[in-house]
Amino acid sequence: MRLIFFGPPGAGKGTQAKRLIAELDIPQISTGDILRQHRRAGTPLGVEAQGYMDNGKLVPDDLIIAMVGERLAEDDAGVGYILDGFPRTVPQAVALDGLLKQRGQSIDRVLVLRVPDTNIIARVVGRRVCKSCGNAHHVEFNPPKVDGVCDLDGGELYQRADDTEAKVRVRLDEYTHNTAPVAAYYEQRGIVREIAGVGLIDDVFGRLKGALG
Ligand code: ADP
Ligand code: ADP
């Protein structure tokens, strides 16, 4: 199964993806997580991406497309995957189609998580991310059992530098202008499903599985 999780920053894409990969044996491919790994490792890509990420701007398409091309060529992606945070522009979606076509593959579903901007700000500002697995907790809505420690793998939780109210507003603007049109790109194929992303995480997960059939 090849899925795209779509929605604004803080919509719950990563949270829901972590749940689904525990049930389906496929990897979550989060371009945000991969970019943060590059930054921590100090690779040329990480250095180049840093300024864009810290300012809430999208990293240029050519860098992202090359990075995803490498990731999709890895063995574990052979059985399927959840793309989380990619494609984020129409040129990225076109490039993904090219990569899939080479393999005789296609995307099965695009799941769009709908969350109003007012909820988004509170979610992102209170988000605490695991340094090792990328899982997101929230200080109020999804607190860890032990303060500062990820429930999934015991990793250290931290607050991302771009998870401030001002940066989220820039990212929402990027979403509206560059990313939202990607949903229309897939719409005509009849594979897009919209899911209300507000309410309990478990309830959203139930709706998401319903949309997968
Ligand atoms: P969120 O989960 O809040 O939506 P991500 O972790 O997906 O944020 O992304 C963090 C940052 O990484 C983005 O603001 C952007 O700078 C960069 N980024 C991640 N994925 C992409 C992408 N597909 N295209 C361009 N930039 C990206
Ligand atoms: P995305 O990957 O779309 O950027 P995340 O999965 O990181 O979003 O979720 C953003 C924040 O919102 C996290 O702190 C997460 O714990 C929290 N969150 C996720 N789903 C819900 C929900 N249904 N209700 C309240 N908070 C949520």
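Higher on the page you've got the structure.
Residues numbered from 1 in each chain as written. Chains lettered and ligands numbered in written order. Predicted model: local features only at pLDDT ≥ 70, side-chain atom pairs only at ≥ 80, totals over all residues. Heavy atoms only, no water.

A. Here's a closer look at the pattern of salt bridges. What the rule picks out here adds up to 15 salt bridges. Across the pair Arg 160 and Asp 162 runs a salt bridge, and its minimum N-O distance is 3.0 Å. Summarising the burial analysis for this pair, Arg 160 and Asp 162 share the class buried. With a shortest N-O distance of 2.6 Å, Glu 165 and Arg 169 are connected by a salt bridge. With Glu 165 and Arg 169 both in helix α7 (residues 165–187) and 4 residues apart, this pair spans about one turn of that helix. A single salt-bridge network, built from bridges that share partners, covers Arg 127, Arg 160, Asp 162, Asp 163 and Arg 171. (Salt bridge = Lys/Arg side-chain N within 4 Å of Asp/Glu carboxyl O. Buried < 20%, exposed > 50% of the residue type's maximum accessible area, 1.4 Å probe, protein only. Helix = DSSP H or I, 4+ residues; strand = E, 2+ residues; numbered from the N terminus.)

B. The arrangement of the packing of aromatic side chains in detail. Inspection of the entire model under this criterion finds 2 aromatic pairs. Relative to Tyr 175, the ring of Phe 6 has its centre 6.0 Å away and its plane inclined at 50 degrees; by these criteria the two rings are tilted. Within this pair, whereas Phe 6 is found in strand β1 (residues 2–6), its partner Tyr 175 is found in helix α7, the two being separated by 169 residues in sequence. You'll find Phe 6 and Tyr 175 in the same group, each marked buried. On the numbers, 5.1 Å between centres and 90 degrees between planes, the contact of Tyr 185 with Tyr 186 is edge-to-face. Residue placement shows Lys 131 over the ring face of Tyr 158; its charged tip is 5.8 Å from the ring centre. (Phe/Tyr/Trp six-rings, centres within 6.5 Å; stacked < 30°, edge-to-face > 60°. Lys NZ or Arg CZ within 6 Å of the ring centre and 35° of its normal.)

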